[in-house]
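Residue-level structural notes
In case you want the letters, here they are:
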Amino acid sequence: MEVQKEAQRIMTLSVWKMYHSRMQRGGLRLHRSLQLSLVMRSARELYLSAKVEAQEPEVPLPPSESPDPRLHPRREAETAAEAAPPDGEQPSPEPMDTQEEAPGAEETPGRVARPPAKVSRKRRSSSLSDGGDAGLVPSKKARLEEEEEKEASSEVPDRLQPPPTQAEGAFPNLARVLQRRFSGLLNCSPAAPPTPPPACEAVPACRPADSMLNVLVRAVVAF
Amino acid sequence: TADIISTVEFNYSGDLLATGDKGGRVVIFQREQENKIRPHSRGEYNVYSTFQSHEPEFDYLKSLEIEEKINKIRWLPQQNAAHFLLSTNDKTIKLWKISERDKRAEGYNLKDEDGRLRDPFRITALRVPILKPMDLMVEASPRRIFANAHTYHINSISVNSDHETYLSADDLRINLWHLEITDRSFNIVDIKPANMEELTEVITAAEFHPHQCNVLVYSSSKGTIRLCDMRSSALCDRHSKFFEEPEDPSSRSFFSEIISSISDVKFSHSGRYMMTRDYLSVKVWDLNMESRPVETHQVHEYLRSKLCSLYENDCIFDKFECCWNGSDSAVMTGSYNNFFRMFDRSTRRDVTLEASRESSKPRASLKPRKVCAGGKRKKDEISVDSLDFNKKILHTAWHPVDNVIAVAATNNLYIFQDKAN
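Please read all numbers here as calculations on a predicted model, not as lab measurements. (Residues numbered from 1 in each chain as written. Chains lettered and ligands numbered in written order. Predicted model: local features only at pLDDT ≥ 70, side-chain atom pairs only at ≥ 80, totals over all residues. Heavy atoms only, no water.)

With that settled, the discussion passes to the overall build of chain B. The secondary structure content of chain B amounts to two helices and 31 strands. C-alpha atoms of chain B, sized along the principal axes, occupy 90 × 55 × 40 Å. Counting every position in chain B, which comprises 421 residues, the buried fraction comes to 52%. Considering only contacts in chain B between residues 6 or more positions apart, those separated by 24 or more positions represent 51%. Accessible surface, chain B as shown: approximately 20300 Å² in total, 49% of it carbon and sulfur. Distance between charge centres in chain B, computed from 58 positive and 62 negative side chains, equals 4 Å. (Helix = DSSP H or I, 4+ residues; strand = E, 2+ residues; numbered from the N terminus. Buried < 20%, exposed > 50% of the residue type's maximum accessible area, 1.4 Å probe, protein only. Contact = heavy atoms within 4.5 Å. Areas by Shrake-Rupley, 256 points an atom, 1.4 Å probe, with all protein chains shown as cover. Lys, Arg positive; Asp, Glu negative; His and termini not counted. Charge placed at Lys NZ, Arg CZ, Asp CG, Glu CD.)

Below you can see the structure in the form of structure tokens.
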């Protein structure tokens with residue numbers, strides 16, 4: 001239990017650090033983001049294995065875990081990476097190597113990740129929401145919140161009720177921000193599982209801390 | 001905070017010492033020559049030139065500010081009276097020429113001493129202008145600007161032994177430049193995965209071999225070093241040698257992965273060895289042996305049990321540099337509490353010294369320090385818990401020939417000399 005708490009604390013701390021690293025002058029640092037995501041991953045594994053040990057053998061693992069391995073390893077590097085299309089879309093060919101470029105042109109991940117406006121609008125609502133790549137592409141905050149309001153208005157899911165205080169820990173505001181920002185992610189991400197994550201449906205069976213964990217994990221992934 | 005020193009580098013002769021800071025400024029110190037009038041001043045370094053190398057910039061496409069902080073300075077070998085150095089921030093490398101002017105021409109025919117053009121009708125005689133001495137003026141001018149070649153943040157630059165080319169490395173790519181050509185660079189290493197989701201490691205440092213102009217090494221965040229030979233192929237994605245020490249399973253911890261990240265790699269002057277710095281140790285590698293280092297020196301092993309706190313206060317991400325002395329018999333690196341460590345490779349002795357005003361009266365000897373890792377603290381020892389983690393020595397440099405070292409402690413530069421000098 002102690003191990004679980006500690007692991008959760010480290011995960012929360014890591015998410016906080018990731019969030020703050022975006023605000024740094026000079027933009028998102030790839031190496032730092034990679035290191036933070038490595039710690040996140042270790043903490044998560046520790047948390048999950050501690051949870052498994054703590055559980056009785058008969059009770060199967062909560063189904064919440066199944067979408068995560070699919071989401072998490074697929075997207076984990078995105079926390080460290082520049083914006084890249086997560087869904088099946090063919091990424092536009094990367095800008096040419098430096099030596100072939102016209103002088104003054106800069107190879108930018110923005111070019112890969114920002115196709116024509118209407119397509120990117122759709123993509124924006126996925127894990128590439130402004131959270132992660134604000135450091136890499138111009139912020140589209142207003143538009144994203146519009147979308148979120150449209151899509152998530154009537155559906156404020158029960159599963160995303162404010163988490164219990166134990167999970168909020170030291171960062172209640174961050175938890176709320178994450179909920180608000182990424183409720184859109186959970187609702188309409190094209191790459192997300194077609195059905196809402198089972199953990200969120202199986203409210204009676206799942207401990208409140210788990211849904212917070214999932215939100216946090218997805219938040220990290222979205223970075 | 002703009003004064004925080006971010007890089008320190010001696011030139012090839014050791015007569016000049018350059019520092020770069022967070023505010024984009026470069027300050028160059030020059031060693032005083034032997035002087036009969038002031039015998040003690042021999043060996044002192046005084047300010048020679050100061051200039052603003054980089055300014056903050058804004059990348060409009062990405063809505064990102066580009067910091068002006070100088071990440072690295074590397075000197076070019078001197079070829080004439082002027083001095084040249086490369087300085088880089090996260091995105092742009094600049095070649096600076098530092099030249100002296102100590103004479104001024106007087107007696108022009110067409111203009112007055114104050115520069116005004118003379119009335120042609122009043123010029124009745126022709127004279128040859130005379131060079132008169134003037135107060136020494138040191139001018140720094142940017143001669144080349146190498147821009148727009150790095151998507152990620154530049155962490156290293158290294159001048160090749162051919163004195164014509166140099167490399168610049170960012171998190172995922174290494175580019176080769178010709179010093180005369182600014183609009184083109186060749187990408188020689190690219191570790192960017194096709195799918196960024198598969199990214200597992202980044203380049204943390206790179207350097208050219210001191211004598212073999214076709215050889216370079218680069219270190220990674222996974223604690224490995226790759227040696228590349230540019231003769232084997234144009235794109236050095238396949239290494240010629242791969243240096244990695246197998247992980248000691250007993251020391252595996254939650255933060256093992258991130259403390260194994262190499263923050264600096266330096267060839268020895270001889271070119272036979274290279275040294276790497278990870279969070280807790282310095283390792284010396286024989287280029288002929290890839291399986292493990294030939295020496296491992298613990299810098300501050302007492303921090304291993306504090307990694308969680310160091311993660312919380314971000315110190316675990318600190319990137320320490322390391323350096324060789326002129327004869328490759330000793331290595332030096334920094335630590336916390338303004339401590340720095342020197343390891344003598346031949347005698348296997350090491351010493352911890354402190355760079356602080358209190359402990360450094362001019363011409364006094366530095367007293368060795370000791371950190372008490374646990375148990376009873378002896379007199380004069382410092383306990384781990386009272387170390388100041390805000391006082392970190394990330395950048396140190398050793399004179400290429402003499403026993404003179406430069407140690408950057410936040411925004412102060414300390415220069416220490418061996419008494420025997």
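Below, the discussion takes up the sheet that holds strand β12 (residues 165-169) of chain B. Residues and elements named next belong to chain B. As summarised here, the arrangement of the four strands in space is β11-β12-β13-β14, forming an open sheet in which the pairing is antiparallel. Each edge of the sheet is formed by a strand with only one pairing partner; in this case those strands are β11 (156-159) and β14 (181-190). On average, adjacent strands in this sheet sit at an angle of 25° to one another, irrespective of strand direction. (Pairing = 2+ DSSP bridges. Axes fitted to C-alpha atoms, helices over the stretch in contact; angles between N-to-C directions.)

Our next topic: the pairing of β14 of chain B. Residues and elements named next belong to chain B. Across five bridges, the pairing between strand β13 (residues 173-178) and β14 is antiparallel. Note that in β14 the partner of Arg-173 across the bridge is Asp-190. Count of turn residues in the β13/β14 antiparallel hairpin: two residues.

All names here are of chain B. Take His-150: it is sitting in the loop between β10 (130-146) and β11. At 2.7 Å, the side chain of His-150 forms a polar contact with the side chain of Asp-170. A distance of 3.4 Å separates a polar atom in the side chain of His-150 from a polar atom in the side chain of Asn-175. (Polar contact = N/O pair within 3.5 Å; in protein donor to acceptor, adjacent residues only side chain to side chain.)

All right, on to the pattern of salt bridges then. As enumerated under the stated definition, the model contains 35 salt bridges over all chains in all. Across the pair Asp-278 of chain B and Lys-283 of chain B runs a salt bridge whose closest N-O atoms are separated by 4.0 Å. Accessibility assignment for this pair places Asp-278 of chain B and Lys-283 of chain B in one class, buried. Overlapping salt bridges bring together Glu-6 and Arg-9 of chain A together with Glu-312 of chain B as one network. (Salt bridge = Lys/Arg side-chain N within 4 Å of Asp/Glu carboxyl O.)

What follows is about the nonpolar core. Within the largest apolar cluster, 31 residues are counted, with the highest numbers of intra-cluster contacts made by Tyr-279, Leu-303, Tyr-311 and Ile-316 of chain B. Every element with two or more residues in this core is listed here: α1 (2-21) and α2 (30-54) of chain A together with α1 (256-259) and α2 (307-312) of chain B. Judged by nonpolar contacts, the second largest core, of 14 residues, contains Met-332, Phe-340, Leu-353 and Ala-409 of chain B. (Core = buried A, V, L, I, M, F, W, Y, C linked by side-chain atoms within 4.5 Å.)

In this section: the pairing of β13 of chain B. Residue and element names in this part refer to chain B. Most of β13 is tucked away, with five of its six residues classed as buried. Pairing of β12 with β13, which is carried by five bridges, proceeds in the antiparallel orientation. By the bridge assignment, Tyr-166 is partnered in β13 with Trp-177. Counting the residues between successive antiparallel strands, the hairpin from β12 to β13 contains three residues.

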